[in-house]
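Descriptive analysis of the structure
So you can see what is in the structure, the chains are spelled out below.
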Amino acid sequence: MLTLIFYTTSGCHLCDQALELLQPVIELNALQLELIDIAQSDRLIEDYGVRIPLIQLKGSKAELGWPFDEAKALDFLNTSLEQLDHV
């Protein structure tokens with residue numbers, strides 16, 4: 001099963017909006033969701049602090065940061081899956 005990584009942190013209202021928007025994408029594609037709180041690591045804060053919410057398909061290096069809508073998230077997912085197929 002494919003895993004969608006969602007970089008977030010507590011109190012991030014944009015993260016809440018993005019997660020709600022992503023629910024149909026997650027369900028439609030039978031994805032597992034892995035939430036990563038960037039506050040748990042100084043490196044994650046440095047890498048993603050001003051870019052969250054951000055998603056990544058596990059195994060792919062591609063990332064999609066906010067703002068995005070459902071269509072953009074689906075396009076990102078399809079592109080990431082194609083990249084995984086060619087690895």
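Our structure is the block above this text.
My aim in this report is to walk through the structure given alongside it, one point at a time. (Residues numbered from 1 in each chain as written. Predicted model: local features only at pLDDT ≥ 70, side-chain atom pairs only at ≥ 80, totals over all residues. Heavy atoms only, no water.)

Things to note about helix H3 (residues 70-85)
Where we set the bar: A helix here means a DSSP run of H or I that spans at least four residues, while a strand means a run of E at least two residues long, and both kinds are numbered starting from the N terminus. The span one expects for a helix is its residue count, reduced by one, times 1.5 Å. The classification of residues rests on relative accessible area computed with a 1.4 Å probe and restricted to protein chains. Under 20% of the type maximum is buried, over 50% is exposed, and intermediate values are partly exposed. What the arc describes is the spread of directions from the helix axis to the C-beta atoms. Whether two residues are in contact is decided by their heavy atoms: any pair within 4.5 Å suffices. As used in this structure description, the phrase polar contact means that two N or O atoms lie within 3.5 Å; if the pair is within protein, one of them must be able to donate a hydrogen and the other to accept it, and residues adjacent in sequence are counted only when both atoms belong to side chains.
Between its terminal C-alpha atoms H3 stretches 23 Å, which fits the 22 Å expected from 16 residues at 1.5 Å a residue. Residues of H3 that are buried include every one of Ala73, Phe76, Leu77 and Ser80, and no others. Seen along its axis, H3 keeps its buried residues to an arc of 100°; they face one direction. The exposed residues of H3 that point more than 90 degrees off its buried face are Asp75 and Asp85. Contacts from the buried residues of H3 go to helix H1 (13-28), strand E3 (54-57) and strand E4 (64-65). One side-chain oxygen of the residue at the start of H3 lies 3.3 Å from the amide nitrogen of Ala71, identifying that residue as Asp69.

Let's talk about the pairing of strand E2 (residues 32-37)
Within a regular strand, side chains alternate between the sheet's two faces. Put simply, the rule reads: By this definition, two strands are paired if DSSP reports at least two bridges between them. Crossover handedness is defined by viewing with both strands directed away from the observer: a clockwise path from the first strand over the helix to the second marks the crossover as right-handed.
Taken together, the six bridges between strand E1 (residues 3-8) and E2 define a ladder with parallel strand orientation. Within the sheet, the bridge partner assigned to Ile5 lies in E2 and is Glu34. Crossover handedness for the path E1 to H1 to E2: right-handed.

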